[in-house]
Amino acid sequence: MELLTIADVLQLLLVGLSQGCLYSLIAIGLVLVYKATEQVNFAQGEFMMMGAFVGYQFIVLMGLPYWLGVGLTLIVMGAFGYGIDALVVRRLTGQPVFTVFILTLALGIALRAVAGMIWGFGNYTLPAPIPGNLKIGPVVMAWSSILAILLTALISVGLYAFFRFSRHGAAMLALSQNQLAAFYMGIPVKRLTSVIWAMSAVFGACAGLLLAPITLVSTSMGFIGFKAFAGAIVGGFGSIPGAVAGCLLIGVTEPFFDIAFPTMKGIGAYLVMFAVLLIRPQGLLAQIHAKKV
Amino acid sequence: MSDVLTLSNVETMYGRVMAIRGVSLKVTEGSIVTIMGSNGAGKTTILKTISGALDPFKGRIAFERAEIAGLDPDVVARRGIAHSPEGREVFPLLSVRDNLMMGAYTRRDRDEVARDMEKVLGWFPVLRDFLEKSAIYLSGGQQQMVALGRAFMQRPRLMLLDEPSLGLSPRLIQEIFAIICRMNGDEGVTMLLVEQNANVALPVSDFGYVLETGRIVMEGPRDVLLASDDIREFYLGIKGEAARGDRRWKVKKTWR
C-alpha cells in the first residue's frame, strides 16, 4: 500500500463525509420512528429504494423536469410512509416488538419484489440533481455529494428547530416519551405517528434521489440501509444527533478502511459498530436515562 | 345541578378477565366523587374506560349527554375530560414547563393559558424553581404536582384523578388534597377521584362509591358513608368498640 498524499486524504474525507450524510438521512428516519413508537423499521432502506424508483418514474420515464419530479417524488413518498403506518403498522400497536420487526422485514422484501415487478430488476440511471464536479485544487467533488452534505445539515437543523419551537414537534417529543399520557393530553397520537412515518419516508426518498446518480437505481440499493442502521446504533439509537454522528463516523472511516484492506471491502462500517459497542455499549450519544415505559 | 358523567352498566374486559362488572355511577356538576376500593377492585379500569384507554365491552358512558364509549383517548380529552393517571406519568425528558404546557396542547387562548400557568405555579410554588428542569429529576410528590397541574392546564370540565396520594408522605397528601379542593371550589372543576386512601379522600368528597371485585357494593353521600360501620372499619381503619376485632385476634392467636 503506497502512502496517501494530503490531497488524497482530503478527497477521501470529503467522499466519506457525503456518503456518511446519505447514511444519516436514512438513519434519521429510522431513529424518528424508533423514538416515537419503539418500533424499528427494517424496511427503511427499501423506503429509500422506493424513493429512487418513484423519482426514476417521474424524471426518466415520464420525462418531467428534474425538480418537479423531485417534488412529486417527495409528496408520493410522504403519502406512502403515512399510509404504511395508517394501514399496516398501526394495527400492531400493543403487540410485541418482535411482531413489528418481522412485519417490517417482510415489508422490505415485499417492496423489493413490487419494485422489481413494476420497474424491472436491472440497473437504471437517474440524472444527478446538479451535474458536474466542483474542483478545489487537487480535490474533486461531485455537486450531488456537496448537495448531500448541505441537505443533511439543513434537515438536522430543521428538525432541531421543529422539535424545539413548534407545537407539533413538542407533541411528538411528548408522545415518544409517554404515549398514554400524550393521548390523555388530547394529542392526536395516531395521526402524529403516521406523520412521523411520512417524514421518515421523505428523508429516505431524499437519500435515494441523491444516491441514485452514484450507485444507479436497482431493487437491491436498499441494502445500504444496513449501514445506516449500523450508524444509528453507533450513535446510540434513539438520538438524532447521535445517529448523524455515528453515520458520519462510519462514512468517513469507510473509504480509508477499504483502501487499507481492499480484501475486506464493505465491512468497515460493521467493524466500527462492533468497536464502538465494545467500548461504549450505550452508543456515542445515548440518552442518559433509561426510557420509562 | 346536572350530571356531567353517567355510566350505565359498564363492563370492561382485561384480556379474558372481566375487570368491572356492570358499574353504574353518576358525577354531578361541580362535585367531587370518590370511588374507594382495595387493590384490584377495578378502580383504575373504570377511569381508563371513561377516558378511552380501554373500550367497554358493554354499557354506556355519557359525558354531557353525548356517548363517549369507544372513542380514542385523545378525542375524549378534547371533549373536556382530563385524566391524571396512576403513577403520575409525566413526560420524563421534557422540562416541567413543557410538561405543563403539554396540558394546554389543544388550547389556542394563549393569554388564558399563561394565566392558568400562573395559577398552577401559585398552588405549587416548589415547581417554580424547577421550571426548566427535566421532570425525571423531580421527587414523587413534585411529579404528582406536575401531573395535577398538567391536567388542570387542559381546563377540563371533568377531571379524573387516579390515586393522587400514591406513594406520598402524609403531609404532602394533605397539601395535594388541599389543592384538589381549591381546583374544585375556586375553579369549579368537577372531579372523579379514585383512592385507596379513603381517610383523606372521603372527607373532601360530596359522594362516594365503594367498589369490590368490579362491582359497586355501596354508595351514598359523604356523611352517610362516613357514618357507616363497614366503611369506618374497612376503609377508614377506625375500630368500633365492637368485639369483632378482638374476636379475630383471638382466633389468630390460637391458630398460631
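Residues numbered from 1 in each chain as written. Chains lettered and ligands numbered in written order. Predicted model: local features only at pLDDT ≥ 70, side-chain atom pairs only at ≥ 80, totals over all residues. Heavy atoms only, no water.

**Examining the overall build of chain A**
Phase 1: Per the secondary structure count, chain A includes 11 helices and two strands.
Phase 2: Along the chain direction, N to C, the helices and strands of chain A fall in the order α-α-α-α-β-β-α-α-α-α-α-α-α.
Phase 3: Over its C-alpha atoms chain A spans a radius of gyration of 19 Å, differing by no more than 12% from the 19 Å that the globule rule assigns to 293 residues.
Phase 4: Across its three principal directions, the C-alpha atoms of chain A cover 60 × 50 × 35 Å. (Helix = DSSP H or I, 4+ residues; strand = E, 2+ residues; numbered from the N terminus. Rg over C-alpha atoms; globule rule 2.2 N^0.38 Å.)

**Overview of the pairing of strand β7 (residues 158-162) of chain B**
All names here are of chain B.
Phase 1: Among the five residues of β7, five are classified as buried, and the element is accordingly described as predominantly covered.
Phase 2: Of the two faces of β7, the one holding Leu 158, Leu 160 and Asp 162 and the one holding Met 159 and Leu 161 are both buried throughout.
Phase 3: Note: β7 against strand β8 (residues 190-195), five bridges, orientation parallel. Residue pairing for β8: Leu 160 is matched across the bridge by Leu 192.
Phase 4: In this fold, the crossover linking β7 to β8 by way of helix α6 (residues 170-185) has right-handed handedness. (Buried < 20%, exposed > 50% of the residue type's maximum accessible area, 1.4 Å probe, protein only. Pairing = 2+ DSSP bridges. Right-handed = clockwise from strand over helix to strand, strands pointing away.)

**Some remarks on the side chain of Gln154(B)**
Phase 1: With respect to the helices and strands, Gln154(B) occurs in the loop between α5 (140-153) and β7.
Phase 2: Here Gln154(B) falls in the buried class, since its relative accessible area comes to 9%.

**Considering the UniProt feature "transmembrane region" (unreviewed entry) in chain A**
Phase 1: Feature annotation in UniProt assigns "transmembrane region" (unreviewed entry) to the following positions: residues 12-34, 100-121, 141-163, 195-217, 229-253 and 259-279 of chain A.
Phase 2: Here residues 259-279 of chain A runs as 67% helix and 0% strand, with 25 Å between its end C-alpha atoms. (UniProt positions renumbered as here; feature names shortened; annotations may be inferred.)

**What about the sheet that holds β8(B)?**
Residue and element names in this part refer to chain B.
Phase 1: Pairing is mixed in the open sheet, where six strands are placed in the order β6-β7-β8-β3-β9-β10. A single partner strand is all that each edge strand has here, and the edge strands are β6 (81-84) and β10 (215-221). Geometrically, the sheet is characterised by an average inter-axis angle of 15° between neighbouring strands, direction not taken into account.
Phase 2: Relative to β10, strand β9 (residues 207-212) runs antiparallel, the two being bridged by six bridges. Its bridge partner lying in β10, Leu 211 is registered against Ile 216.
Phase 3: Each of β6 and β7 touches α5; the most contacted strand, β6, lies at about 175° to it.
Phase 4: Lying over the sheet, α6 contacts β3 (32-36), β7 and β8, oriented at roughly 155° with respect to β8. (Axes fitted to C-alpha atoms, helices over the stretch in contact; angles between N-to-C directions. Contact = heavy atoms within 4.5 Å.)

**Re the interface of chain A and chain B**
Phase 1: Contacts between chain A and chain B engage 23 residues on the former and 26 residues on the latter.
Phase 2: Our enumeration of links across chain A and chain B arrives at one salt bridge.
Phase 3: Its salt-bridge partner being Lys190(A), residue Asp72(B) comes within 3.1 Å of it at the nearest N-O pair.
Phase 4: Counting the contacts that link chain A with chain B gives nine residue pairs in polar contact (both at pLDDT 80 or more).
Phase 5: Where the side of chain A that touches chain B is concerned, the elements lending two or more residues are α6 (167-177), α7 (179-184) and α8 (189-215) of chain A.
Phase 6: For the side of chain A that touches chain B, the leading source of residues is α6(A), giving seven residues.
Phase 7: Grouping the constituent residues of the side of chain A that touches chain B by class yields 14 nonpolar, six polar and three charged. (Salt bridge = Lys/Arg side-chain N within 4 Å of Asp/Glu carboxyl O. Polar contact = N/O pair within 3.5 Å; in protein donor to acceptor, adjacent residues only side chain to side chain. Nonpolar A, V, L, I, M, F, W, Y, C, P; charged D, E, K, R; others polar.)

**Digging into the environment of Ala201(B)**
Residues and elements named next belong to chain B.
Phase 1: By the secondary structure assignment, Ala 201 is in helix α7 (residues 198-204).
Phase 2: With a relative accessible area of 0%, Ala 201 lands in the buried category.
Phase 3: With 36 residues separating them along the chain, Ala 201 and Ser 165 place their C-alpha atoms 9.1 Å apart.
Phase 4: When sequence neighbours within four positions are dropped, the list of residues in contact with Ala 201 reads Thr 34, Phe 177, Leu 193 and Glu 195.

**Quick notes on the pairing of strand β4 (residues 58-63) of chain B**
All names here are of chain B.
Phase 1: As defined by bridge partners, strand β1 (residues 3-14) adjoins β4 across five bridges and the pair is classed as antiparallel. Paired with Leu 5 across the two strands is Phe 63, which belongs to β4.
Phase 2: Of the pairings in the sheet, the one linking β4 to strand β5 (residues 66-67) comprises two bridges and is antiparallel in character. Looking at β5, one finds that Phe 63 is bridged to Ala 66.

**Focus: the UniProt feature "domain: ABC transporter" (unreviewed entry) in chain B**
Phase 1: Per the UniProt record, the feature "domain: ABC transporter" (unreviewed entry) sits at residues 5-238 of chain B.
Phase 2: End C-alpha to end C-alpha, residues 5-238 of chain B measures 32 Å, and it is 37% helix and 27% strand.

**What about the packing of helix α1 (residues 6-37) of chain A against helix α10 (residues 240-260) of chain A?**
Residue and element names in this part refer to chain A.
Phase 1: At their nearest, the axes of α1 and α10 sit 7 Å apart, and the two run at 145° to each other. Of the two possible hands of crossing, α1 and α10 adopt the one that is right-handed.
Phase 2: Its residues placed into classes, the contact of α1 with α10 shows 20 nonpolar, five polar and one charged. (Left-handed = near helix turned anticlockwise from the far one by under 90°.)

**So, α6(B)**
Residues and elements named next belong to chain B.
Phase 1: With 16 residues, α6 extends 22 Å from end C-alpha to end C-alpha; this agrees with the ideal 22 Å at 1.5 Å per step.
Phase 2: Every buried residue of α6 is listed here: Ile 173, Ile 176, Phe 177, Ile 179, Ile 180, Met 183 and Asn 184. Angular distribution of buried residues about the axis of α6 spans 155°; they occupy a single face of the element. Across from the buried face of α6, at angles greater than 90 degrees, the exposed residues are Arg 171, Gln 174 and Gly 185.
Phase 3: As for α6, its buried residues are in contact with β3, α4 (110-123), α5, β7, β8 and α7. (Expected span 1.5 Å × (residues − 1). Arc of directions from axis to C-beta.)

**Here's the deal with the side chain of Thr152(A)**
Residues and elements named next belong to chain A.
Phase 1: When you line up the elements, Thr 152 lands in helix α5 (residues 143-165).
Phase 2: By relative accessible area, which is 2% here, Thr 152 ends up buried.
Phase 3: Discounting chain neighbours no more than four positions away, the residues touching Thr 152 are Cys 21, Ser 24 and Leu 25.

**Overview of the pattern of salt bridges**
Residue and element names in this part refer to chain B.
Phase 1: In this structure the tally under the stated criterion is 19 salt bridges over all chains.
Phase 2: Of the charged contacts, one joins Arg 97 and Glu 132 as a salt bridge, the two residues approaching to 2.8 Å between their closest N and O atoms. Separated by 35 residues along the polypeptide, Arg 97 in helix α3 (residues 96-103) and Glu 132 in the loop between α4 and α5 bring together distant segments of the chain.
Phase 3: Its relative accessible area of 57% is what places Glu 132 among the exposed residues.
Phase 4: Among the salt bridges present, the one from Glu 187 reaches Arg 155, with a minimum N-O distance of 3.2 Å. One end of the pair, Glu 187, is in the loop between α6 and β8; the other, Arg 155, is in the loop between α5 and β7, and 32 residues separate them in sequence.
Phase 5: Three or more residues joined by partner-sharing salt bridges are found here, namely Arg 107, Asp 109, Asp 116, Lys 119, Arg 155 and Glu 187.

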